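Listed below are the residues making up each chain.
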Amino acid sequence: MDIRAVREDEIEETFELQRMVFRPDEGAGALERYRTYVRDDPGYRMDQSRVLLADGRIVAHLRVWDRAIRVRGSVLRAGGIGSVLTHPDHRGRGYARALMRNAEAYMLEAGYDVGLLFTIIGTPFYRALGWTPIPLPTFVIELESEAGARPSTHVTALDVDRDLDAVMAIYERCTGCLTGPETRPRDYWRAGPSRIRGVFPEWGVAVDSELLGYATFDASADGIWVKEGCAETSGDGALTGMAQFIFGCARRYGLERIEGSLPAGHGLVSALEAVCGSDASWGCHDEMMLKGINWRTIREKLNGEPRDGPPEDEGAFWRALYGQGAAETDASESGWMASLPKCEGPFYWWSDIF
């Protein structure tokens, strides 16, 4: 067994492996998706793709995404773990666990502060490796059959060349105080992976050519999934306009629910409740998980006393830092934690999930 960075002459093999494992019923389109994740990502480096070889063949893979996340008024460099897979013929041999350990060592050497991942297989595998789940809010609004769509107000199609500056400014104002979300440099909005995930919004609300807010959402046979919504502080009407537009899309496609992941108490959910005539049911998902990589830099960036090792209870540390109410930290951490800016959120936009 050999674990290392992928080589240029092997990278196409990893694209095909991802397509075979994650999208087996898709062909060239899926292959191009994984190729775009690498070839059209300005932050990608070859050593971010970690591969495990058995008998000279790549049989397991993961990708580290270079991200920066806001936490209590500071910014931490996060290594996002994605595309963790083992070829079906080689499972049950501990290869994924070995790759994860290798990735943590790589991230420490490469200068990351924290590890970040979103699991689609449930949390037990990653919990056993020391990762902590952070529940994030979700909502569901069931649509009443008699409710009719109302005209949307001032909704306009957005163009990345024309509207990127305005969208970026609104995003920064809406997320600057939150704990959890990514910072988004200009090239991130235009990168290939962001285009695939629909980070730049298709629709916004503008009055007198001034963009006041935007939302991103996907429609499927199950309903509409709202991924993001941001508006100027003076743009309450923008949220109502976007809610009317989203509701109209649901009615047009004969869908029976609107759901998504937005910060608790988000104004777009309130606007959707008013437009739909139904109350939202709030829940959570625990797909987001964190693990400390470099404890010295984490504490330095959060204005804490330098310490090389993890806290006694790392899970309690992350839950407290991310504002999970029942979390308790040891006495040596509690005073420092109390001195940090209040945790608003936590939240991570669905559009950014890698």
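Note that the coordinates shown come from a computational prediction; the quantities given were computed from them, not determined experimentally.

Thresholds, definitions, all that
Residue indices follow the written sequence of each chain, beginning from 1 at its first position. Residues qualify for local features only when their pLDDT is at least 70, as the model is predicted, and side-chain atom pairs are given and counted only at 80 or more; totals for whole chains, interfaces and linings, by contrast, use all residues. No hydrogens and no water enter the side-chain calculation; it runs on all heavy atoms of the structure. Helix numbers and strand numbers start at the N terminus; a helix is a DSSP run of H or I with at least 4 residues, a strand a run of E with at least 2. What the globule rule says is 2.2 Å times the number of residues to the power 0.38, and the radius of gyration is computed from C-alpha atoms. The buried label applies to any residue whose accessible area, calculated with a 1.4 Å probe on protein chains only, is under 20% of its type's maximum; exposed applies above 50%, and partly exposed to all values in between. The contact rule is simple, with two residues in contact once any of their heavy atoms fall within 4.5 Å. For the area figures, the Shrake-Rupley method with a 1.4 Å probe applies, and any residue is considered shielded solely by the protein chains shown. When charges are counted, neither His nor the chain ends are considered; positive counts come from Lys and Arg and negative counts from Asp and Glu. Every charge is mapped to an atom, namely NZ of Lys, CZ of Arg, CG of Asp or CD of Glu. Between any two strands, at least two bridges found by DSSP are needed for them to pair. Interaxial angle, 0 to 180 degrees, is taken between N-to-C directions of lines fitted to C-alpha atoms, where a helix line uses only the stretch in contact. In protein, a polar contact requires one atom able to donate a hydrogen and another able to accept it; more generally it is a pair of N or O atoms within 3.5 Å, and residues adjacent in sequence count only if both atoms are side-chain atoms.

Q: Teacher, can you tell me more about the overall build of the protein chain here?
A: From N to C terminus, the protein chain includes 12 helices and 14 strands. In terms of overall dimensions, the protein chain is globule-like: its C-alpha atoms have a radius of gyration of 21 Å, near the 20 Å expected for 354 residues. Taken over the C-alpha atoms alone, the protein chain extends approximately 60 × 55 × 35 Å along its principal axes. Of all 354 residues assigned to the protein chain, the portion counted as buried reaches 54%. Look at the contacts in the protein chain between residues 6 or more apart in sequence, and 72% of them connect residues 24 or more apart. Carbon and sulfur atoms make up 48% of the accessible area of the protein chain, which totals about 15,600 Å². Computed over 39 positive and 54 negative side-chain charges, the separation of the two mean positions in the protein chain equals 3 Å.

Q: Looking at this model, I keep getting lost on the sheet that holds strand 6 (residues 132-133). Mind explaining?
A: Strand pairing within a sheet occurs via backbone hydrogen bonds; the two strands may be parallel or antiparallel. Taken in spatial order, the seven strands of this open sheet run 1-2-3-4-5-14-6, and their pairing is mixed. Lying at the two open borders of the sheet, with one neighbouring strand each, are strand 1 (2-5) and strand 6. Docked against the sheet, helix 11 (residues 314-321) engages strand 3 (57-71), strand 5 (114-118), strand 6 and strand 14 (288-292), running at close to 120° with respect to strand 14.

Q: Sorry if this is basic, but what is going on with the side chain of D352 here?
A: As for its position among the elements, D352 is in the segment after helix 12 (331-339). Overall, the relative accessible area of 0% leaves D352 in the buried class. Once residues lying within four places of it in the same chain are set aside, the contact partners of D352 are Y171, E182, R184, Y188, R197 and V199.

Q: Just checking my understanding: could you explain the side chain of T138 for this structure?
A: Relative to the helices and strands, T138 resides in strand 7 (residues 136-142). Classification of T138 as buried rests on a relative accessible area of 14%. Polar contacts involving the side chain of T138 include one to the main-chain amide nitrogen of C284, which spans 3.3 Å.

Q: Would you take a moment to explain the sheet that holds strand 8 (residues 155-157) for this structure?
A: Here seven strands make up an open sheet; going across it, the order is 8-9-10-11-12-7-13 and the pairing mixed. Only two strands of the sheet have a single neighbouring strand rather than two, namely strand 8 and strand 13 (281-285). The mean angle between the axes of side-by-side strands here comes to 35°, regardless of whether they run parallel or antiparallel. The pairing of strand 10 (residues 210-220) with strand 11 (residues 223-231) spans eight bridges and is classified as antiparallel. Its bridge partner lying in strand 11, S220 is registered against G223. Across the face of the sheet, helix 5 (residues 160-175) comes into contact with strand 8, strand 10 and strand 11 while running at roughly 90° to strand 10.

Q: Explanation requested: the pairing of strand 5 in the structure shown.
A: In regular strands, side chains alternate between the two faces of the sheet. Taken across its five residues, strand 5 has five buried, putting it largely inside the fold. With burial as the criterion, each face of strand 5 is covered, one bearing V114, L116 and F118 and the other bearing G115 and L117. Relative to strand 5, strand 4 (residues 74-86) runs parallel, the two sharing four bridges. Residue pairing across strands places G79 opposite G115, the latter belonging to strand 5. In this structure, strand 5 lies alongside strand 14, joined through five bridges in antiparallel fashion. From the neighbouring strand, F118 faces strand 14, where its bridge partner is M288.

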